[in-house]
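A closer look at the structure
Next come the chains, spelled out residue by residue.
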Amino acid sequence: MADASRSHWRPPLLHRPRPGCSIKVGLANQPPYSGLNPDGTVSGFVPTLIKEIMGRLGVPKVEGFVATYGELIPGLQAGRWQMIGASFRLTKDRCEQVAFADPVTFDGAAIAYVPGETDKPGDSLAAVAASGQGVGILQGSYLLKSAESAGIDAAKISQFPNNPALIDGLLAKRVPLVVSTNASLRGLQQARNDAFQIVYPLSDDPPKGSGPAFRKEDTDLIDAFQKELRAMRASGELDKLAAEFGFAPPPPSLANATAESVCASF
């Protein structure tokens, strides 16, 4: 007998509002991209976008479940949630495992450090590798592979569950440098009263695009979501919503990027 928790998205849900109808999404606790409010409701740009689109599809409730980036795909495949509601970076490996929506954020990596404790690092992951310094990175982040590809010794990498913990580690001198995405570090820099500085952009991590993702077999959900997302992009609603969370429009070279075009670029 099939496991009910692994049931796929069914077309009758689409465009048919039902009071108890909901969709479960896995997300990272990484403001302003995604997170949960104290009352358990979803927050951040990507979950807010998902709420808007799913509302248009007749699904009034989005249930969020926090996980590390490394847990998002296994949780999706195991049926713990029906989609990934984080700003999930499109990478070659991930494109092979899940179906992405078109990218909705375009942010690259940044390095954070504390002046006076550490010299200003260079503007690349390769420069961090050359320095031989330890570095903190989020568990399951695409940046783990990027860091190792740039020559950073795996033994020099400390993993943290979320960005607040990452910055706590930096300020407590557990690591001299941390690497995460620019927007998340900017938000924490303001919250921590500029206790650290940021180097951005990095020459070896240009923005590629990030967004929600789905099981590949859930084609009805993917197609319906993509239709609404592309309509919002065409109308300007997507950029307007992104701006509310501090995200700039995509660079001109990526303004019309699709999931298919980004995945095909690897």
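Structure's up top.
About the cut-offs
- Residues numbered from 1 in each chain as written.
- Predicted model: local features only at pLDDT ≥ 70, side-chain atom pairs only at ≥ 80, totals over all residues.
- Heavy atoms only, no water.
- Helix = DSSP H or I, 4+ residues; strand = E, 2+ residues; numbered from the N terminus.
- Rg over C-alpha atoms; globule rule 2.2 N^0.38 Å.
- Buried < 20%, exposed > 50% of the residue type's maximum accessible area, 1.4 Å probe, protein only.
- Contact = heavy atoms within 4.5 Å.
- Areas by Shrake-Rupley, 256 points an atom, 1.4 Å probe, with all protein chains shown as cover.
- Lys, Arg positive; Asp, Glu negative; His and termini not counted.
- Charge placed at Lys NZ, Arg CZ, Asp CG, Glu CD.
- Polar contact = N/O pair within 3.5 Å; in protein donor to acceptor, adjacent residues only side chain to side chain.
- Core = buried A, V, L, I, M, F, W, Y, C linked by side-chain atoms within 4.5 Å.

1. Focus: the overall build of the protein
On a plain count of helices and strands, the protein comes out with ten helices and twelve strands. A compact globule built from 266 residues should have a C-alpha radius of gyration of about 18 Å, and the protein, at 19 Å, falls within 12% of that. Taken along its principal axes, the extent of the C-alpha atoms in the protein is 60 × 45 × 35 Å. When each of the 266 residues of the protein is scored for burial, the buried share is 50%. Restricting the contact set of the protein to residue pairs at least 6 apart, pairs at least 24 apart contribute 73%. By element, 51% of the accessible surface of the protein is carried by carbon and sulfur atoms, the whole surface being about 12,100 Å². One way to put it: in the protein the 26 positive side-chain charges average out to a point 4 Å from where the 27 negative ones average out.

2. Focus: the side chain of T91
Positionally, T91 belongs in the loop between β5 (83-89) and α3 (92-97). Here R94 takes part through its backbone nitrogen, which lies 3.2 Å from a polar atom of the side chain of T91. Setting aside residues up to four positions removed in sequence, T91 forms contacts with Y142 and F266.

3. Details of the nonpolar core
Within the largest apolar cluster, 35 residues are counted, with the highest numbers of intra-cluster contacts made by L72, I84, F88, F100 and F196. Among the elements of the structure, α2 (69-77), β5, β7 (109-113), α6 (163-171), α7 (182-191) and α10 (259-264) are those that each provide at least two residues to this core. In this view, F100 contacts F88, R89, L90, R94, C95, G211, P212, A213, Q226, A259 and C263; residues no more than four positions away in its chain are not counted. Grouped together as the second largest cluster of nonpolar side chains are 31 residues, C21, L49, L57 and A224 included.

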